[in-house]
Amino acid sequence: MSLPKAKFTITIATKNRLSELKYTLKKIAYLIEREDVMCILCDDGSTDGTFQYIVENYPKINVLRNANSKGIHASRNKLLNKVTTPYILSIDDDAHFISDHVLETVEAYFKQHPKAALLSFRAFWDKEKPSSTDTIKKAKRVQGFGAVGFAMRTEAWKAIPNFLEWFVFYGEEDFAAFQLFKKGLEIHYLPEVLVHHRVNLKQRRKHNDYRLRLRRAIRAGWYMYVLFYPWRMQPKLFLYTMFMQLKLKVFKGDIRAFFALLQACFDVIYNFPRLLKHSNRFTKEELNAYKNLSKPEYYWLPENTKK
């Protein structure tokens, strides 16, 4: 009897988070072991034994490795360009699926909605699991997605440019969303699939890499302005972003945010020639159509906890 042809490839990018990765792999082992599923993991220069652990304990996982860290964009490019199955299922190394029948739900939705190129999942961000998994949310077309967990048609990935690796971190969601929209491909929010992202956002501000993360987040947004937005809109967008960072962080005593803002300004100036080279700007009509789509939903809370 011949084995069923693989339909899905699970992709995971990781770096120096072996304990989180072990937990994730334990939680999704039932998916990895399926005969119709492949799994590819990219170890981005970890120094905590990640590569050796995966090789020794998960023989079915195809492990790619960057000898030196290249960033999440480079890792995602390497992973996604290796996929040969019809569908991609991407999950962060500190997240796992809570809902049942994930693959069946995703495949059925793709078949019922041929224009959908990428599916964004409902994501719960907290260290503890949600008090309830029920939701009244309905599937819909949206502007973008969160990279914590998503599904994508492989042919859609091949239709757009690779992530720009010198971004290093942040911005890949908007970059892919804008490129997909420009190609006439749709992103849909699929709340039937629930992902538990085991992160406490408030505690992140206390981490040593807070300023670096904020710098990269700010500059990623600014990179998007130069790459995709009409020239006439860019000054207003830059000034508004700077004002909000000053108002919400710097003027409230967050001095690290001030330095992150300065560094992000330098990053945009330094990378401006490369941004121009890769620009793919919206026309006025395209931008209006994009803005009319529903906003992406990055964070979900159980309905019984909302005020």
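Right above here is the structure, for reference.
Backbone geometry at H101 places phi at a positive 55 degrees, although glycine is not the residue there. Locating H101 in the fold gives a position in the loop between β5 (95-97) and α5 (102-112). Despite not being glycine, Y170 shows a phi value in the positive range, around 75 degrees. Inspection of the secondary structure assignment puts Y170 in the loop between α6 (154-158) and α7 (172-182).

Buried together is how nonpolar side chains tend to be arranged in soluble globular proteins. Judged by nonpolar contacts, the single largest core of 55 residues is most densely connected at M152, L180, W222, L227 and F228. Among the elements that take part in this core, helix α9 (residues 210-228) stands out by supplying 10 residues, more than any other. In this structure L227 touches L164, F167, F175, L275, H278, S279, N280 and R281, once residues within four positions along its chain are discounted. Formed by 36 residues, the second largest nonpolar core is a distinct cluster that contains I12, I54, Y109 and F110.

As a further point, take a nonpolar patch on the surface. On the surface, I255, F258, F259 and L262 cluster together to form a nonpolar patch covering roughly 350 Å² of accessible area. Looking at F258, the relative accessible area reads 30%, which means it is partly exposed.

What follows covers the side chain of T154. Along the chain, T154 falls in helix α6. On the accessibility criterion, T154 (4% relative accessible area) is buried. For T154, the contacting residues outside a window of four places in its chain are V83, T85, P86, Y87 and I88.

Quick look at the environment of L212 now. Relative to the helices and strands, L212 is located in helix α9. According to the relative accessible area criterion, L212 is partly exposed, its value standing at 37%. A sequence separation of 43 residues divides L212 from F169, and the C-alpha atoms of the two residues are 9.9 Å apart.

Rules used in this analysis
Residues numbered from 1 in each chain as written. Predicted model: local features only at pLDDT ≥ 70, side-chain atom pairs only at ≥ 80, totals over all residues. Heavy atoms only, no water. Helix = DSSP H or I, 4+ residues; strand = E, 2+ residues; numbered from the N terminus. Core = buried A, V, L, I, M, F, W, Y, C linked by side-chain atoms within 4.5 Å. Buried < 20%, exposed > 50% of the residue type's maximum accessible area, 1.4 Å probe, protein only. Contact = heavy atoms within 4.5 Å. Patch = residues over 30% accessible without salt bridge, like charges linked within 9 Å, V, L, I, M, F, W, Y side chains within 5 Å. Areas by Shrake-Rupley, 256 points an atom, 1.4 Å probe, with all protein chains shown as cover. Salt bridge = Lys/Arg side-chain N within 4 Å of Asp/Glu carboxyl O.

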